[in-house]
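# Structure at a glance
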Amino acid sequence: MKSHAKAVVIGGGVVGCSVLYHLARAGWADVLLIERSELTSGSSWHAAGGFHTLNGDPNVAKLQAYTVQLYREIEELSGQSCGLHLTGGVMMADSPERMDFLRLAHAKGRYLGMETELITPSEAKAMFPLMDETNFVGAMWDPVEGHLDPSGTTHAYARAARKLGAEIELRNRVVELTQEADGTWNVVTEKGTVKAEHVVNCGGLWAREVGRMVGLELPLLAMEHMYLLTEPMPEVEEFNRATGREMVGVIDFKGEIYTRQERNGILLGTYEKAAKPWSEHETPWDFGHELLQPDIDRISPSLEVGFRHFPALENAGIKQVINGPFTFAPDGNPLVGPVQGLTNFWCACAVMAGFSQGGGVGLALSNWMVNGDPGFDVWGMDVARFGEWATLRYTNAKVRENYSRRFSIRFPNEELPAARPAQTTPLYDVMVRDNNAVMGDSWGLETPLWFAPKGTEPKDIVSFHRSNDFEHVGGEVRAVRNGVGVTEIANFAKYAVSGPGAAAFLDRLMTNRMPKTGRIVLSPMLNEFGKLIGDFTIARAGEERFMVWGSSAAQVYHMRWFEKHLPKDGPRDSEVRIHRFDQTLVGLSIAGPKSREVLEKLVDTDVSRGAFRFMDFREMAVAGAPSMVNRLTYTGDLGYEIWMPPAYQRRVYEGIKEAGAEFGIVDFGMRALLSMRLEKNFPTWFRELRPIYGPFEGAMERFVKLEKNDFIGYEAAAREKAKGPRLRRVSFIVEALDADVMGDEPIWAKVGKKDFGTVEKPHGFGAPRFTAGGAAVQRSEGGGASREDPAHIRGIADGEWRVVGWVTSGGYAHFVEKSMAQGYLPAELAEDESEGLFEIEILGQRRPARINLLPPFDPEGERMRG
Ligand SMILES: Cc1cc2nc3c(=O)[nH]c(=O)nc-3n(C[C@H](O)[C@H](O)[C@H](O)COP(=O)(O)OP(=O)(O)OC[C@H]3O[C@@H](n4cnc5c(N)ncnc54)[C@H](O)[C@@H]3O)c2cc1C
């Protein structure tokens, strides 16, 4: 074994081998993979080998599409077959809600370069004749699905990596990891120590143990998973003989079943409700190529549905039941990227669908390690998306919930109950018990969403359509706009940045100029490629003291970036201290035309219009509690954000309610706040603002001071401005019916034959396109389900109409009484406010939409500045 390597990858499952291959392909030949036993000695060897592109997160879906496309490349390079069967697959809807879900998924596919198609149950039966189609109302066909040989695929990655110079050390366990002062890692193995610049945790079933070697408790847990293989079935053989094709894969959501042809029989797996974790606390090192005891009783409810939906299966002999463990993160997506607080320690774990996602994970991670950036939008799988609240027990409850809901519909207004409440503010009881709040989970913190009338059950009726919250959220919005309301804002990220170097540090990270003492600015933050990686409110509390607020969910992500850019060993004047408050600082916001009068009653400071102006910051006592007050709110109305230690929050809240009583003050929740931001055309972080957009694309130019010319991302931003942005964020008013946009809907434009070749959502790598009848589909063994008739390709054109963009978020703007959406369009279309030019596809229906350049509420910002 070599004694030095640029990078050591721990674990030779499909993910570790993919990471190794991608690192070598990116030019790092001096890389070493260390495997405890043989390759595929964790989950990888007993996988069912299915792959597909569909994922709730379009960015992860893109990675899955990349993974599937990659197999041809590694087969060619390695000479090792992956055993690909690109059969295509159908997803079966048994209810109108599930059909809505498929319509949404299909609509997303329109700008992701996917060629899904909505089909009838009879059409699906023609591809998988074992089904009783009368159980279903519709289906979605996806040509880019299939199955492969898990071991062959893992070895293909490994061989391809070796060909590019990477090395693999088998039968040698990593037992300890230590780091020297200069950052060098000592990777201590059973056979000696390797010094490495970088370490990657691809430990799969043992990823927690590898994490613990560096003091990390990674939020992942293995679950038992069963699939069964039948004896050869005459129905299958007959279909193959008659058509010369293999049967397609099927997902039956109702039965929580996936099924497909395996040799002359059928493979059927379940994600059963009675989900069972495996090795909840630690994974034994001596677990190897073993299977777990099958438990048919546990999956029998799913099998019962399966036998009804696929009657021929009931008579099939069961050849084998496989039960094996594999790992999940609390939300079911992988944990990838650098770990905050550790230098050059990387994760690629909790990859629950290694054969759909492994390639994309390897690409993202290798880009990140080699170029300093994943190269595209990987937030959905960034290890930084979980905070310290994602403990072992939290993870256990959430992973079980996620597993048992794998085939359940997640509605846009649905809050999942497991592991809650995790964190609460001092107002939790007041909100829940006294105010009848419907609470939501905001990065582990309970946050009021809306307030149900007294005497009713505070509960959302989950739906893709407008629901029971609609009139009450509307009531909260109107009460704020016409008078005053109060809401909790503890669920923001809050940081103090201080020290002699604080101003210079922030100036370098942020695109805006730093404010004078007592003033506030809004500022995006860019990466070196000029893409949006943050959006902050920054107040200067003193010459060397700043308060910074941002998106709650991005706290670890942003801390990781801040720490990376802290000045190293400089003179004293470069010293910068960053403190993340988390819930040691909480907040309340009051907003509406009467909010100043409320504040005036609570303070001994002059907060009159002239003395406390829009975008001012002051430290003052509010209701006798030491507080920080920002003269702005996300409602876009006259309003204030008031920040205080939690011990004072209740006192301030009670003071506000008392002072506001004469103005009829109401409590309002996050949904009202988000509705109000829509009618102001304000963007949100992670929806409108993401690392795939530049600041001019995101319409953030007011906050980008190019004349500063020394911030990170300056060159790229200057180029973007000089060339003109390719895309542009816009707001729409939509003629919606009883459902508003949720995000990710396609935007159609009547542009005749004009070709907008760039309508695919940007993601950073060559867009993998799969052409029905093209090379990818033709790989299907036995002709499979390849559908060469171009009529089956539902492209992105329809007569004069083209899909030209995508929605990022939206909803109902209650005060202006309009359904609104925000999204991205090619810049040349983004200023045309004509009627009849755009349509937005909501639940399969194309609804007329019109660009709205000025915010429909208070377009001149008079209320906000008032
Ligand atoms: C029954 C079943 C069916 C499945 N079906 C599918 C499917 O159809 N499609 C799909 O995409 N996925 C499927 N999966 C999931 C898939 O198997 C996983 O996503 C994938 O195997 C994860 O790969 P990995 O490389 O992350 O982890 P693993 O395969 O667990 O590999 C980790 C490797 O790291 C090594 N290792 C750990 N710690 C150390 C150390 N300290 N020193 C040296 N080596 C170490 C281990 O020996 C192991 O070889 C299935 C899983 C199961 C159990």
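The structure displayed is predicted, hence computed values, not measured ones.

### With respect to the packing of helix H1 (residues 14-25) against helix H5 (residues 150-163)
Relative placement of two packed helices is described by the angle separating their axes and the distance separating the axes. It is the contact of H1 with H5, at a shortest axis distance of 8 Å, that shows an interaxial angle of 25°. Between H1 and H5, the angle is such that the two are roughly parallel. Where H1 crosses over H5, the two elements pack in a sense that is left-handed. Contacts between H1 and H5 involve Val14, Cys17, Ser18, Leu20, Tyr21 and Ala24 on the former and, on the latter, Thr154, Tyr157, Ala158, Ala160 and Ala161. Its residues assigned to classes, the contact of H1 with H5 shows nine nonpolar, two polar and no charged.

### A closer look at helix H2 (residues 58-78)
For H2, which comprises 21 residues, the first-to-last C-alpha distance of 30 Å matches the rise-based estimate of 30 Å (1.5 Å per residue) to within 8%. Maximal helix bending in H2 amounts to about 30°, located at Leu70. Within H2, 16 of the 21 residues are buried, which leaves it mostly tucked inside the rest of the structure. With a side-chain oxygen lying 2.7 Å from the backbone nitrogen of Asn59, the N-terminal cap of H2 falls on Asp57. Of the residues one or two after H2, Gly79 is the one with positive phi, at around 75°.

### Examining the packing of H5 against helix H9 (residues 354-371)
Closest axis-to-axis distance for the H5/H9 pair is 12 Å, and the angle between their directions is 10°. Classified by the angle between their axes, H5 and H9 sit roughly parallel to one another. Where H5 abuts H9, its residues Pro150, Thr153, Thr154 and Tyr157 lie against Phe355, Gly358 and Gly359.

### Here's the deal with the pattern of salt bridges
Applying the stated criterion to the full structure yields 51 salt bridges. The partner of Glu197 in a salt bridge is Lys6, and the shortest N-O contact between them spans 3.1 Å. Taken together, the positions of Glu197 in strand S11 (residues 192-201) and Lys6 in strand S1 (residues 4-10) put the pair 191 residues apart, joining distant regions of the chain. Across the pair Arg618 and Asp616 runs a salt bridge, and its minimum N-O distance is 3.6 Å. On the accessibility criterion, Arg618 (28% relative accessible area) is partly exposed. Relative accessible area serves as the criterion here: at 0%, Asp616 is assigned to the buried category.

### Here's the deal with the environment of Asn852
Turning to its location among the elements, Asn852 is positioned in the loop between strand S39 (845-851) and helix H20 (862-865). On the basis of relative accessibility, which here comes to 8%, the residue Asn852 falls in the buried class. Spatially, the C-alpha atom of Asn852 lies 9.9 Å from that of Val734, the residues being 118 residues apart in sequence. When sequence neighbours within four positions are dropped, the list of residues in contact with Asn852 reads Asn681, Ser731, Phe732, Ile733 and Glu833.

### Observations concerning the sheet that holds strand S24 (residues 520-526)
The five strands lie next to each other as S24-S25-S26-S23-S27, forming an open sheet whose pairing is antiparallel. The open sheet has two edge strands, S24 and strand S27 (577-580), and neither has a second partner. Recorded for the sheet is a direction-independent mean angle of 25° between the axes of neighbouring strands. By the bridge criterion, seven bridges tie S24 to strand S25 (residues 532-542) in an arrangement that is antiparallel. Across the sheet, Leu526 pairs through a bridge with Leu532, a residue of S25.

### Describing the pairing of strand S33 (residues 727-734)
Within S33, eight of the eight residues are buried, which leaves it mostly tucked inside the rest of the structure. Across the two faces of S33 the burial is the same, with Leu727, Arg729, Ser731 and Ile733 and Arg728, Val730, Phe732 and Val734 all buried. Sheet topology note: the S33/strand S37 (residues 818-826) ladder contains eight bridges and is antiparallel. Note on S37: the bridge partner recorded for Phe732 is Ala821.

### Remarks on the confidence of the model for the protein chain
Any residue range with low pLDDT should be treated as having predicted coordinates unsuitable for detailed reading. For the protein chain, per-residue confidence averages 93 on the pLDDT scale, and residues scoring 70 or more make up 95% of the total. Considering only residues more than four positions removed or in separate chains, one finds that residues 764-795, a stretch of pLDDT under 50, has 67 contacts.

### Considerations on the pairing of strand S10 (residues 185-189)
In terms of burial, S10 is largely enclosed, as five of its five residues are buried. Taking every second residue as pointing to the same face, both faces of S10 are buried, with Trp185, Val187 and Thr189 on one and Asn186 and Val188 on the other. Joining the antiparallel neighbours strand S9 (residues 174-179) and S10 is a turn of five residues, in which Gly183 adopts a positive phi near 95°. Bridge count between S10 and S11: five bridges; the pairing is antiparallel. Each bridged residue has a counterpart across the sheet, and for Val188 the counterpart in S11 is Thr193. Adjacent in sequence and paired antiparallel, S10 and S11 are bridged by two residues.

Reading guide: rules and limits
Residues numbered from 1 in each chain as written. Predicted model: local features only at pLDDT ≥ 70, side-chain atom pairs only at ≥ 80, totals over all residues. Heavy atoms only, no water. Axes fitted to C-alpha atoms, helices over the stretch in contact; angles between N-to-C directions. Helix = DSSP H or I, 4+ residues; strand = E, 2+ residues; numbered from the N terminus. Parallel < 35°, antiparallel > 145°, perpendicular 65-115°, else oblique. Left-handed = near helix turned anticlockwise from the far one by under 90°. Contact = heavy atoms within 4.5 Å. Nonpolar A, V, L, I, M, F, W, Y, C, P; charged D, E, K, R; others polar. Expected span 1.5 Å × (residues − 1). Bend = angle between axes of the 7 residues up to and from the residue. Buried < 20%, exposed > 50% of the residue type's maximum accessible area, 1.4 Å probe, protein only. Polar contact = N/O pair within 3.5 Å; in protein donor to acceptor, adjacent residues only side chain to side chain. Salt bridge = Lys/Arg side-chain N within 4 Å of Asp/Glu carboxyl O. Pairing = 2+ DSSP bridges. pLDDT = per-residue confidence, 0-100.

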